[in-house]
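So you can see what is in the structure, the chains are spelled out below.
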Amino acid sequence: QVQLVESGGGLVQAGGSLRLSCLASGSIFSISAMGWYRQAPGKQRELVAIITGGGSTNYTDSVKGRFTISRDNAKNTVTLQMNSLKPEDTAVYYCYLGLTGRGAHYNLWGQGTQVTVSS
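Note that the coordinates shown come from a computational prediction; the quantities given were computed from them, not determined experimentally.

1. Focus on the pairing of strand β10 (residues 104-109)
For step 1, the next point in the chain: Examined bridge by bridge, strand β9 (residues 91-101) and β10 share six bridges and lie antiparallel to one another. Bridge pairing in β10 links T100 to H105.
For step 2, the next point in the chain: The hairpin formed by β9 and β10 contains two residues between the paired strands, and R102 there has a positive phi angle of roughly 55°.

See the structure below:
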């Protein structure tokens, strides 16, 4: 059993900053990647940022230069620093965990944390 616990969402004015954190715990065998997805009302869930076990990162174009993802491998945590927030960043943000092992790959998401950016 694996649990993902997110924290750090909230309400902020445009131009402000928020920091999201996610702690993975439980039967974690081999982490391939950790990251963040988001889903705005009426839209599909989209990848925001991801970081592999080796430290490679990837961001969706709309957040490049504003968001930074980091990971603490020892603590199984992933953090998303969000700066210069825009109203279009408003969404529910989901922590993502990719696990590999036993010949299979598993994709897990947290329960989500609301981020609201007011104009």
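2. A word on the pattern of salt bridges
For step 1, the next point in the chain: Taken as a whole and assessed by the stated rule, the structure comprises four salt bridges.
For step 2, the next point in the chain: In this structure, R38 engages D89 in a salt bridge whose closest nitrogen and oxygen atoms are separated by 3.0 Å. Of this pair, R38 sits in strand β4 (residues 31-39) while D89 is found in the loop between β8 (77-82) and β9, placing the two residues 51 residues apart along the sequence.
For step 3, the next point in the chain: Relative accessible area serves as the criterion here: at 6%, R38 is assigned to the buried category.
For step 4, the next point in the chain: Residue classification places D89 among the buried positions, given a relative accessible area of 1%.
For step 5, the next point in the chain: Between D89 and R66 there is a salt bridge; the shortest N-O distance is 2.8 Å. Of this pair, D89 sits in the loop between β8 and β9 while R66 sits in the loop between β6 (57-59) and β7 (67-72); the two residues are 23 residues apart in sequence, bridging distant segments of the chain.

3. Regarding the state of the cysteines
For step 1, the next point in the chain: Scanning the model with the defined rule gives one disulfide in all.
For step 2, the next point in the chain: The partner cysteine of C22 in its disulfide is C95, sulfur to sulfur 2.1 Å. Disulfide C22-C95: torsion about the S-S bond near -85°, hence left-handed. Of this pair, C22 sits in strand β3 (residues 18-26) while C95 is found in strand β9, placing the two residues 73 residues apart along the sequence. Of the two residues examined, C22 and C95, each falls in the buried class.

4. Some points on the nonpolar core
For step 1, the next point in the chain: Judged by nonpolar contacts, the single largest core of 29 residues is most densely connected at W36, L80, M82 and Y93.
For step 2, the next point in the chain: Of all the secondary structure elements, the ones that give two or more residues to this core are β3, β4, β5 (46-52), β7, β8, β9 and β11 (113-118).
For step 3, the next point in the chain: At five residues, β9 tops the list of elements feeding residues into this core.
For step 4, the next point in the chain: Apart from the residues within four sequence positions on either side, Y93 is in contact with E6, L20, W36, Y37, R38, V48, F67, L80, M82, G112, T113 and V115.

5. Here we look at the sheet that holds β8
For step 1, the next point in the chain: The strand order across the open sheet built from four strands is β1-β3-β8-β7, with neighbouring strands paired in antiparallel fashion. In this open sheet, the two strands that pair with only one neighbour each are β1 (2-7) and β7. Averaged over all neighbouring strand pairs, the angle between strand axes comes to 15°, with direction disregarded.

6. Considering the environment of G8
For step 1, the next point in the chain: Note that G8 resides in the loop between β1 and β2 (10-13).
For step 2, the next point in the chain: C-alpha of G8 to C-alpha of L20: the two residues are twelve residues apart in sequence and 4.5 Å apart in space.
For step 3, the next point in the chain: With sequence-adjacent residues up to four places away left out, G8 is seen in contact with L18, R19 and L20.

Definitions and limits used
- Residues numbered from 1 in each chain as written.
- Predicted model: local features only at pLDDT ≥ 70, side-chain atom pairs only at ≥ 80, totals over all residues.
- Heavy atoms only, no water.
- Pairing = 2+ DSSP bridges.
- Helix = DSSP H or I, 4+ residues; strand = E, 2+ residues; numbered from the N terminus.
- Salt bridge = Lys/Arg side-chain N within 4 Å of Asp/Glu carboxyl O.
- Buried < 20%, exposed > 50% of the residue type's maximum accessible area, 1.4 Å probe, protein only.
- Disulfide = S-S within 2.5 Å.
- Core = buried A, V, L, I, M, F, W, Y, C linked by side-chain atoms within 4.5 Å.
- Contact = heavy atoms within 4.5 Å.
- Axes fitted to C-alpha atoms, helices over the stretch in contact; angles between N-to-C directions.

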